[in-house]
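Here is how the chains run, residue by residue.
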Amino acid sequence: GIQVEQSPPDLILQEGANSTLRCNFSDSVNNLQWFHQNPWGQLINLFYIPSGTKQNGRLSATTVATERYSLLYISSSQTTDSGVYFCAALPKSDYKLSFGAGTTVTVRA
Amino acid sequence: EAQVTQNPRYLITVTGKKLTVTCSQNMNHEYMSWYRQDPGLGLRQIYYSMNVEVTDKGDVPEGYKVSRKEKRNFPLILESPSPNQTSLYFCASSWNRNTEAFFGQGTRLTVV
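The model shown is predicted, which means the values in this text are computed figures rather than measured ones.

**Q** Looking at this structure, I do not really get the side chain of Ser49 of chain B. What am I missing?
**A** Residue and element names in this part refer to chain B. Turning to its location among the elements, Ser49 is positioned in strand 5 (residues 42–51). A relative accessible area of 0% places Ser49 in the buried class. Among the polar contacts listed, one links the side chain of Ser49 to the backbone oxygen of Asn51, at a separation of 2.9 Å. Apart from residues no more than four positions distant in its own chain, Ser49 is found in contact with Glu30, Tyr31, Met32, Val54, Thr55, Arg68 and Phe74.

Listed below in structure tokens is the structure:
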């Protein structure tokens, strides 16, 4: 099956800093999503982005499908951005989203 | 409000006592699925359903059953729960397998 690798595994930021999270995937995909898992365990949809660039407030994402990677940008980070960020990919040949191991982000005041 | 609703949110049960975790979506989605999340193992798919009366196994189906009698509901059944089924469970839905998936709030299950 598809391999989804996220980096870095952990990220500590000072409030106000910018950061980039990376997701590499090993196969062509029909679906690529970014999620934020909050401290209560809920998975919050950030982006549905199988290709191209999207922005939502301080967050933006870019997927380069031909090179099999996606990037999530957090600008002017806030303490509420803390949590685990997951990338999930659906290969063209499969029926399930495969999740990466996540990046744990800690934003300090 | 468009949402996927799971119940219960938290459950502690004993080994062997049958239980059902309900999942309902109000978006008229055809595709629904169940995942479990475990430390060190990430999120893994248990079962999925392409439409009413169409279900299939995911990566970790052992010990679970599902049914899809109506488009909006996709319950997860543990006929004889065991401690290794202690986990955080998520239900998800989407128009089809390729479109954006939306997840429920999660169900924390502890089997003692």
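From this point, the narrative continues.
**Q** Mind showing me how you'd approach the state of the cysteines here?
**A** The term disulfide refers to a covalent linkage connecting the sulfur atoms of a pair of cysteines. Residue and element names in this part refer to chain B. According to the stated counting rule, one finds two disulfides over all chains in the structure shown. Disulfide pairing is shown between Cys23 and Cys91; the S-S distance is 1.9 Å. Torsion about the S-S bond of the Cys23 and Cys91 cystine: about -70°, corresponding to left-handed handedness. Highlighted residues: Cys23 in strand 3 (residues 19–25) and Cys91 in strand 9 (residues 87–94), separated in sequence by 68 residues. In this structure Cys23 comes out as buried when scored by relative accessible area, which is 2%. On the basis of relative accessibility, which here comes to 0%, the residue Cys91 falls in the buried class.

**Q** Please explain the sheet that holds strand 1 (residues 4–7) of chain B as it appears in this structure.
**A** Picture the strands of a sheet paired through backbone hydrogen bonds; they go either parallel or antiparallel. Residue and element names in this part refer to chain B. Strands sit in the order 1-3-8-7 across an open sheet of four strands; the sheet is antiparallel. The sheet is open, and its two edges are formed by strand 1 and strand 7 (65–66), each paired on a single side. Note that strand 1 and strand 3 share four bridges and pair antiparallel. The residue bridging Gln6 from the neighbouring strand is Cys23, located in strand 3.

**Q** What should I look at first to understand the interface of chain A and chain B in this one?
**A** Where the parts come together, the accessible area they lose is often given as the size of the interface. Facing 20 residues of chain A, the contacting portion of chain B comprises 20 residues. For the pair chain A and chain B, the summed buried area comes to about 1700 Å², and 50% of that belongs to carbon and sulfur atoms. Interface area lost by chain A to chain B is led by Leu43, Tyr95 and Lys96 of chain A, which between them contribute 33%. Across the contact surface, chain A and chain B share one salt bridge. One can count 12 residue pairs in polar contact (both at pLDDT 80 or more) joining chain A with chain B. Elements represented by at least two residues in the side of chain A that touches chain B include exactly strand 4 (29–37), strand 5 (43–48) and strand 9 (83–91) of chain A. Looking at the side of chain A that touches chain B, the element that brings in the most residues is strand 4 of chain A, giving five residues. Tallied by class, the residues present in the side of chain A that touches chain B amount to 10 nonpolar, seven polar and three charged.

**Q** Sorry if this is basic, but what is going on with a nonpolar patch on the surface here?
**A** On the surface, Tyr95 of chain A together with Met50 and Val54 of chain B cluster together to form a nonpolar patch covering roughly 230 Å² of accessible area. When its relative accessible area of 31% is taken as the criterion, Met50 of chain B is described as partly exposed.

Cut-offs and rules
Residues numbered from 1 in each chain as written. Chains lettered and ligands numbered in written order. Predicted model: local features only at pLDDT ≥ 70, side-chain atom pairs only at ≥ 80, totals over all residues. Heavy atoms only, no water. Helix = DSSP H or I, 4+ residues; strand = E, 2+ residues; numbered from the N terminus. Buried < 20%, exposed > 50% of the residue type's maximum accessible area, 1.4 Å probe, protein only. Polar contact = N/O pair within 3.5 Å; in protein donor to acceptor, adjacent residues only side chain to side chain. Contact = heavy atoms within 4.5 Å. Disulfide = S-S within 2.5 Å. Pairing = 2+ DSSP bridges. Buried area = accessible area lost by both parts, 1.4 Å probe. Salt bridge = Lys/Arg side-chain N within 4 Å of Asp/Glu carboxyl O. Nonpolar A, V, L, I, M, F, W, Y, C, P; charged D, E, K, R; others polar. Patch = residues over 30% accessible without salt bridge, like charges linked within 9 Å, V, L, I, M, F, W, Y side chains within 5 Å. Areas by Shrake-Rupley, 256 points an atom, 1.4 Å probe, with all protein chains shown as cover.

On their own, these measurements won't tell you what the molecule is for.
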